[in-house]
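Structural description and commentary
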Amino acid sequence: DTAVSQTPKYLVTQMGNDKSIKCEQNLGHDTMYWYKQDSKKFLKIMFSYNNKELIINETVPNRFSPKSPDKAHLNLHINSLELGDSAVYFCASSQVGGVNTGELFFGEGSRLTVL
Amino acid sequence: QQQVKQSPQSLIVQKGGIPIINCAYENTAFDYFPWYQQFPGKGPALLIAIRPDVSEKKEGRFTISFNKSAKQFSLHIMDSQPGDSATYFCAASKGTGFQKLVFGTGTRLLVSP
């Protein structure tokens, strides 16, 4: 049973469209993240939610809007897609409260291609 | 601003060799230094991590060496195997709380048979 699952795995769309990526974790963690990995493999944090509250919001265009309906789910909605949004988006989770090992558990990524 | 610098960008070793990947950080407030391993088409996975109160940590064939005064840390892979071929990322953060990990740029390792 996959610990952190993302859908879709691949997404190809036109510039200007709006798209969403969904993430679910079954590890019981209290914190979830979105990371972006560009074509050079560079990983950069975008957002983090702890128990449904936004706690990390890096300098990301406001076309990107995360939503956490509960602590097991974190979705990413992107409006007005641009060519530069093409990347692999990784969802991750960790346990901050209680037993905290500092380990991030990543999903397998969602590859977004904007044409 | 790249707060964690990683080198080399790519590395090829023969099976049994000892690849070494180096990282240097700038922020002296960092106190948690993990290494993540990423296979093609997969997400990164934690390999090993160290805190600055020790100079070395070993787990199986993987060893982190840490030099606090130089603000550098490195990953050594003993008796490397073709299955170790992957991209390796060093990272750093302040504490292990809300993981605002700053990642290095990654090293693509190829272990030839």
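Figured I'd write up the structure that's included with this text. (Residues numbered from 1 in each chain as written. Chains lettered and ligands numbered in written order. Predicted model: local features only at pLDDT ≥ 70, side-chain atom pairs only at ≥ 80, totals over all residues. Heavy atoms only, no water.)

1. Remarks on the nonpolar core
The condition that has to hold: Here, nonpolar core means buried Ala, Val, Leu, Ile, Met, Phe, Trp, Tyr and Cys residues that are tied together by side-chain atoms lying within 4.5 Å of each other. Residue burial is assigned from relative accessible area. The probe radius is 1.4 Å, only protein chains are included, and a residue is buried under 20% of its type maximum, exposed over 50%, and partly exposed in between. In DSSP terms, a helix is any run of H or I states spanning at least four residues, a strand is any run of E spanning at least two, and both are numbered starting from the N terminus. Contact criterion: two residues are considered in contact whenever any of their non-hydrogen atoms come within 4.5 Å of each other.
With 24 residues, the main nonpolar core has B:Phe33, B:Trp35, B:Phe73, B:Leu75 and B:Tyr88 as its most contacted residues. Element by element, the count of residues in this core is highest for strand β9 (residues 86-92) of chain B, at four residues. Not counting chain neighbours up to four residues away, the residues in contact with B:Leu75 comprise B:Pro19, B:Ile20, B:Ile21, B:Trp35, B:Leu47, B:Ile48, B:Phe62, B:Thr63, B:Ile64 and B:Tyr88. Membership of the second largest hydrophobic core comes to 19 residues, among which are A:Val4, A:Ile21, A:Tyr49 and A:Ala87.

2. Re the sheet that holds strand β7 (residues 64-70) of chain A
Residues and elements named next belong to chain A. The line we're drawing: Strands are treated as partners if at least two bridges between them are detected by DSSP. For helices, the axis comes from a line fit to the C-alpha atoms of the stretch in contact; other axes are also lines fit to C-alpha atoms, and the angle between any two N-to-C directions lies between 0 and 180 degrees.
Pairing is antiparallel across the open sheet formed by four strands, whose spatial order is β1-β3-β8-β7. Looking along the sheet, the strands with just one partner apiece sit at the ends: β1 (4-7) and β7. Ignoring strand direction, the axes of neighbouring strands in this sheet form an average angle of 20°. Relative to strand β3 (residues 19-25), β1 runs antiparallel, the two being bridged by four bridges. When the bridges of β3 are listed, Thr7 appears paired with Lys22.

3. Observations concerning the interface of chain B and chain A
We count it as follows: Buried area adds together the accessible area that both of two parts lose upon being put together, with accessible area traced by a 1.4 Å probe. When a carboxyl oxygen of Asp or Glu is within 4 Å of a side-chain nitrogen of Lys or Arg, the pair counts as a salt bridge. Think of a polar contact as two N or O atoms within 3.5 Å of one another; within protein, one of them needs to be a possible hydrogen donor and the other a possible acceptor, and neighboring residues in sequence only count if both atoms come from side chains. As a working rule, the residues Ala, Val, Leu, Ile, Met, Phe, Trp, Tyr, Cys and Pro are called nonpolar, Asp, Glu, Lys and Arg charged, and the rest polar, with Gly in that last group.
At the junction of the two partners, chain B supplies 20 residues and chain A supplies 24 residues. Carbon and sulfur atoms make up 59% of the surface buried where chain B meets chain A, a total of about 1900 Å² over both sides. At the boundary of chain B with chain A, the tally comes to two salt bridges. Note that B:Lys42 is salt-bridged to A:Glu108, the shortest N-O span being 2.8 Å. On the surface where chain B and chain A come into contact, there are four residue pairs in polar contact (both at pLDDT 80 or more). Within the side of chain B that touches chain A, the residues separate by chemical class into eight nonpolar, nine polar and three charged.

4. Some thoughts on the state of the cysteines
We count it as follows: Note on terminology: disulfide denotes any pair of cysteine sulfur atoms within 2.5 Å.
Using the criterion set out here, one finds two disulfides over all chains in the structure. In this model, A:Cys23 is linked to A:Cys91 through a disulfide, with the two sulfur atoms separated by 1.9 Å. As the torsion about the S-S bond is roughly -80°, the A:Cys23-A:Cys91 disulfide counts as left-handed. With A:Cys23 in strand β3 and A:Cys91 in strand β9 (residues 87-94), this residue pair connects regions lying 68 residues apart in the sequence. Looking at A:Cys23, the relative accessible area reads 2%, which means it is buried. Disulfide pairing places B:Cys23 opposite B:Cys90 at an S-S distance of 1.9 Å. Looking along the S-S bond of the B:Cys23-B:Cys90 disulfide, the torsion reads about -95°, which is the left-handed sense. Of the two residues, B:Cys23 sits in strand β3 (residues 20-25) while B:Cys90 sits in strand β9, which places them 67 residues apart along the sequence. B:Cys90 shares its class with B:Cys23; the two are buried.

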